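Geometric and topological summary
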Amino acid sequence: MHLHILGICGTFMGGVAALAREAGHRVTGCDAGVYPPMSDQLRALGIELIEGYGAEQMDLRPDVWVVGNVVTRGERYPLMEAILEAGAPYTSGPQWLAEHVLQGRHVLAVAGTHGKTTTTSMLAWILEACGLQPGFLVGGVPQNFGVSARLGDTSRPGTPFVIEADEYDTAFFDKRSKFVHYRPRTAVLNNLEFDHADIFADLAAIETQFHHLVRTVPASGRLVVNQREDSLARVLARGCWSGVTAFGARKEQPGALRARGEPHAFDVLRGSLKVARVEWGLLGEHNQLNALAAIAAAEHLGVEPEAAARALGGFQNVRRRLELRGEAGGVKVYDDFAHHPTAIRTTVNGLRRRLDKEASSAGGPPARILAVFEPRSNTMKLGTMKAQLPWSLEEADLSFCHAGGLGWDAREALAPMGAKAQVADTIDALVAQVVRAARPGDQVLCMSNGGFGGVHTRLLEALAARG
């Protein structure tokens, strides 16, 4: 089969392309910006990439056109208009994946507003370390694997496939959430907050989509549900037909998994019984909860919690999750994907807890955190959650916001932070602000769901030049 993929350089569609190529199909694709690192990965797989959405691509005559959700109707996408005019066969990425990759597999889907990529990677690594050879599709690059997607063992029916289950819509012609296509036997509901304000009117609308996912899980399946989330309780109250394993409860609850100890070293408890211990290099209570979710999901495939916890001891996290990019002038610069206010807060808190622990051991003051961020997601660009930004940044010592391209006043939104917050309209101005403020020992935490204009490299170069 020949697939031509529209929007191929997005993380999800690039993963679909890689899986299709591994399965032996001919794959070509196009995007408005054929950009690395995905473009480099795809070309290395022998996938031909075309810049733009020109109608002349109709000459390729693929067996099917696979349409990413970046594509809309109108003059910006003449190729899509030509496909429709010709009556050519087309489908969405999630539907093609469901029909050609996920059929006959034990699908483990990880859903949630936060932590999907990390938890999916944890779960895939647990299954790999325990010899189950899972397939996976992750919205990032797990460092244990070095790739974002693979088929895994396809020699037997029912082999596991772990997928990051996004609630964003499928395509311009299918407004259901992507995850309703996956039909998992094991579904992780990690958390649920309001997000994607460009397509959802309110939290209740997202809860409805999550319940659509719950409806697809068979009676012999399992839901792994964060006990701390009222929104998820409301989802299950609409109807639940599968077994449920709860995690994250703060108090002892029969059958539920919870943690006892610090996020970097903790016991896993079921009720009052210790069933495992996790010791690893990850930070933050959010990763502790992610670990509980992954352990509970793996258990549905017969992996004992103790074995899962041992595997997590070797988990190397995902690129762009508190990833140290370098050090210059005594200042460390980190990169993180956080972009929702809750994710920003938990990321800052994770780093703060580590720095406080290091300071306590050394007998000195904790290092300062300089939070550098851009409100780049569709939700944040709309200003829907701007009022939450001071709350999300309160554990940082100083904060720096890149406000270029926003339709709302970042200075006004951050005014409650007083002198602890600065705003810049360009990357150059932002770098200058941070370099003026930084001093040896500081930790600069850059947060964005995009490339952030190469701010990490520019900061390191400027700090090095400063001496």
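Fair warning: this is a prediction, and the values are worked out from it, not measured in the lab. Along every chain, residues carry numbers that run from 1 in the direction the sequence is written. Thresholds applied to this predicted model are a pLDDT of at least 70 for local features of residues and 80 or more for the giving and counting of side-chain atom pairs; totals over whole chains, interfaces and linings are not thresholded and use all residues. Excluding hydrogens and water, the side-chain values take into account all heavy atoms of the structure.

Things to note about helix 9 (residues 305-312)
Remark: exposure states derive from per-residue accessible area (1.4 Å probe, protein chains only) relative to the maximum for the residue type, with buried under 20%, exposed over 50%, and partly exposed in between. Runs of E in the DSSP output that reach at least two residues are strands. Runs of H or I that reach at least four are helices, and both are numbered from the N terminus. Most of helix 9 is tucked away, with six of its eight residues classed as buried. Buried residues of helix 9: Pro305, Ala307, Ala308, Ala309, Ala311 and Leu312, and no others. Where helix 9 is buried, its residues touch helix 5 (116-129), strand 16 (265-270), strand 17 (273-279) and helix 8 (285-299). Note on contacts: a residue pair is in contact if any heavy atoms of the two residues lie within 4.5 Å.

What about the UniProt feature "binding site: ATP" (unreviewed entry) in the chain?
UniProt positions are given in the numbering used here, feature names are shortened, and annotations may be inferred rather than shown by experiment. With numbering matched to this structure, UniProt assigns "binding site: ATP" (unreviewed entry) to Gly112, Thr113, His114, Gly115, Lys116, Thr117 and Thr118. Counting through the fold element by element, Gly115 comes out in the loop between strand 6 (106-111) and helix 5. Taking relative accessible area as the criterion, Gly115 reaches 24% and is therefore assigned partly exposed. Once residues lying within four places of it in the same chain are set aside, the contact partners of Gly115 are Asn190 and Asn290.

Regarding the domain arrangement of the chain
Each domain of the chain was delimited in the assignment, giving domain 1 (2-93), domain 2 (102-314) and domain 3 (323-465). Residue-level contacts link 16 residues of domain 2 with 14 residues of domain 3. Buried surface area refers to the total accessible area, computed with a probe of radius 1.4 Å, that the two partners give up upon joining, counted for both partners together. When the two sides are added together, the surface that domain 2 and domain 3 hide from each other amounts to roughly 1,200 Å², 58% of it contributed by carbon and sulfur. Sorting the residues of domain 2 by area buried against domain 3 places His114, Leu283 and His286 first, and these three jointly supply 34% of that buried surface. Every case where a carboxyl oxygen of Asp or Glu lies within 4 Å of a side-chain nitrogen of Lys or Arg is listed as a salt bridge. With a shortest N-O distance of 3.0 Å, Glu262 and Arg353 are connected by a salt bridge. Each domain's extent was defined by an automatic or database domain assignment.

Focus on unusual backbone geometry
Phi angles above zero are rare outside glycine, and Arg61 is one such case at about 50°. As for its placement among the helices and strands, Arg61 is situated in the loop between strand 3 (48-51) and strand 4 (64-67).

Quick notes on the environment of Ala429
Following the sequence through the fold, Ala429 ends up in helix 14 (residues 427-437). Sequence spacing of Ala429 and Arg234 is 195 residues, and the spatial spacing of their C-alpha atoms is 45 Å.

Digging into the packing of aromatic side chains
We call Phe, Tyr and Trp rings a pair once their centres come within 6.5 Å, taking the six-membered ring for Trp, and we label the pair stacked below 30 degrees between planes, edge-to-face above 60, and tilted otherwise. Using the criterion set out here, one finds seven aromatic pairs in the structure. Ring centres of Phe172 and Phe173 lie 5.0 Å apart, and the angle between their planes is 90°; this geometry places the pair in the edge-to-face category. Taking 6.4 Å as the distance between ring centres and 65° as the angle between the ring planes, the aromatic pair formed by Phe266 and Trp280 counts as edge-to-face. Of this pair, Phe266 sits in strand 16 while Trp280 sits in the loop between strand 17 and helix 8; the two residues are 14 residues apart in sequence, bridging distant segments of the chain. As far as burial versus exposure is concerned, Phe266 and Trp280 are alike and both buried.

Considerations on the pairing of strand 1 (residues 2-6)
Note on strand geometry: in a regular strand, side chains alternate between the two faces of the sheet. When you tally the buried positions in strand 1, you get five out of five residues, the bulk of the element. Burial along strand 1 is two-sided: the face carrying His2, His4 and Leu6 and the face carrying Leu3 and Ile5 are both buried. Between any two strands, pairing holds if DSSP finds at least two bridges. Bridging between strand 1 and strand 2 (residues 26-31) involves five bridges; their strand directions are parallel. Bridging from a neighbouring strand, Ile5 pairs with Gly29 of strand 2. A right-handed crossover is one whose linking path, passing over the helix from the first strand to the second, runs clockwise when the strands point away from the viewer. Of the crossover connections in this fold, the one passing from strand 1 over helix 1 (residues 11-22) to the parallel strand 2 is right-handed. Pairing between strand 1 and strand 4: four bridges, direction parallel. Within the sheet, the bridge partner assigned to His4 lies in strand 4 and is Trp65.

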